[in-house]
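Coordinates in review
The lines below spell out each chain.
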Amino acid sequence: MLLHGGINSIQSSFKNQIEFFATYREVIAIEQVGPGHTPDTAEAFSYFKMAKDTADLLRSLNVSNADFIGWSDGGILALLIARYSPELVHRLVASGSNTRLVGMSPDDIRKIREATPEQLAADFDKKYRDEYISK
């Protein structure tokens, strides 16, 4: 399972790896809703929704125990899938993913530690969407 970076397509993230991996394994290489060749959506940006959509796709294909390679946002999605749907993950490689609180203000760290997962997702998604739209 290949998961592309944010605001990228599967080709821009894994163009050179798809053919190589396909000689040894079945490759599933999808694009998340919004970036790449997919249409935009009115829904708010959400890592949790993208991870759920990806997990649901794998279940609909009767895939479990898959090997994941995720780059950047794709790595975040792979980590979320491993956390919330561990039965789908055999091995995981996450590259360029945010996994630490380095560079965050003490107030941001406090909010993260005190927030429920739902509050954290809503706050992060709004901040990320606002920053993305302003660029």
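Below you will find a few notes about this structure. Fair warning: this is a prediction, and the values are worked out from it, not measured in the lab.

The next thing to look at is the packing of helix α2 (residues 47–60) against helix α3 (residues 73–84). Remark: α2 packs on α3, axes separated minimally by 9 Å, with the N-to-C direction vectors making an angle of 65°. In terms of axis orientation, α2 runs roughly perpendicular to α3. Once α2 is placed against α3, the crossing between them reads as right-handed. Residue-level inspection shows Tyr47, Phe48, Met50, Ala51, Thr54 and Ala55 of α2 in contact with α3, the latter providing Asp73, Ile76, Leu77, Leu80, Ile81 and Tyr84. For the contact of α2 with α3, the class distribution of residues is ten nonpolar, one polar and one charged.

Okay, the sheet that holds strand β2 (residues 29–30) next. Pairing is parallel in the open sheet, where four strands are placed in the order β2-β1-β3-β4. At either end of the open sheet lies a strand with only one pairing partner, and these are β2 and β4 (89–95). In this sheet, strand β3 (residues 66–71) lies alongside strand β1 (residues 2–3) in parallel orientation, the contact comprising two bridges. Across the sheet, residue leucine 3 finds its bridge partner in β3, namely glycine 70.

All right, on to the packing of aromatic side chains then. Scanning the model with the defined rule gives three aromatic pairs in all. By the ring-pair criterion, three or more aromatic residues cluster together here, those being Phe20, Phe21 and Tyr24. Taking NZ or CZ as reference, arginine 83 lies 4.9 Å from the ring centre of tyrosine 84, over its face.

Residue asparagine 65 is not a glycine yet carries a positive backbone phi of 60°. With respect to the helices, strands and loops of the structure, asparagine 65 is situated in the loop between α2 and β3. Backbone geometry at serine 72 places phi at a positive 55°, although glycine is not the residue there. With respect to the helices and strands, the residue serine 72 is situated in the loop between β3 and α3.

To continue, consider the side chain of serine 13. With respect to the helices, strands and loops of the structure, serine 13 is situated in helix α1 (residues 10–22). According to the relative accessible area criterion, serine 13 is buried, its value standing at 16%. Among the polar contacts made by the side chain of serine 13, one reaches the main-chain amide nitrogen of glycine 5 at a distance of 3.1 Å. If sequence neighbours within four positions are ignored, serine 13 has contacts with His4, Gly5, Asn8 and Trp71.

What counts, and at which threshold
Residues numbered from 1 in each chain as written. Predicted model: local features only at pLDDT ≥ 70, side-chain atom pairs only at ≥ 80, totals over all residues. Heavy atoms only, no water. Axes fitted to C-alpha atoms, helices over the stretch in contact; angles between N-to-C directions. Helix = DSSP H or I, 4+ residues; strand = E, 2+ residues; numbered from the N terminus. Parallel < 35°, antiparallel > 145°, perpendicular 65-115°, else oblique. Left-handed = near helix turned anticlockwise from the far one by under 90°. Contact = heavy atoms within 4.5 Å. Nonpolar A, V, L, I, M, F, W, Y, C, P; charged D, E, K, R; others polar. Pairing = 2+ DSSP bridges. Phe/Tyr/Trp six-rings, centres within 6.5 Å; stacked < 30°, edge-to-face > 60°. Lys NZ or Arg CZ within 6 Å of the ring centre and 35° of its normal. Buried < 20%, exposed > 50% of the residue type's maximum accessible area, 1.4 Å probe, protein only. Polar contact = N/O pair within 3.5 Å; in protein donor to acceptor, adjacent residues only side chain to side chain.

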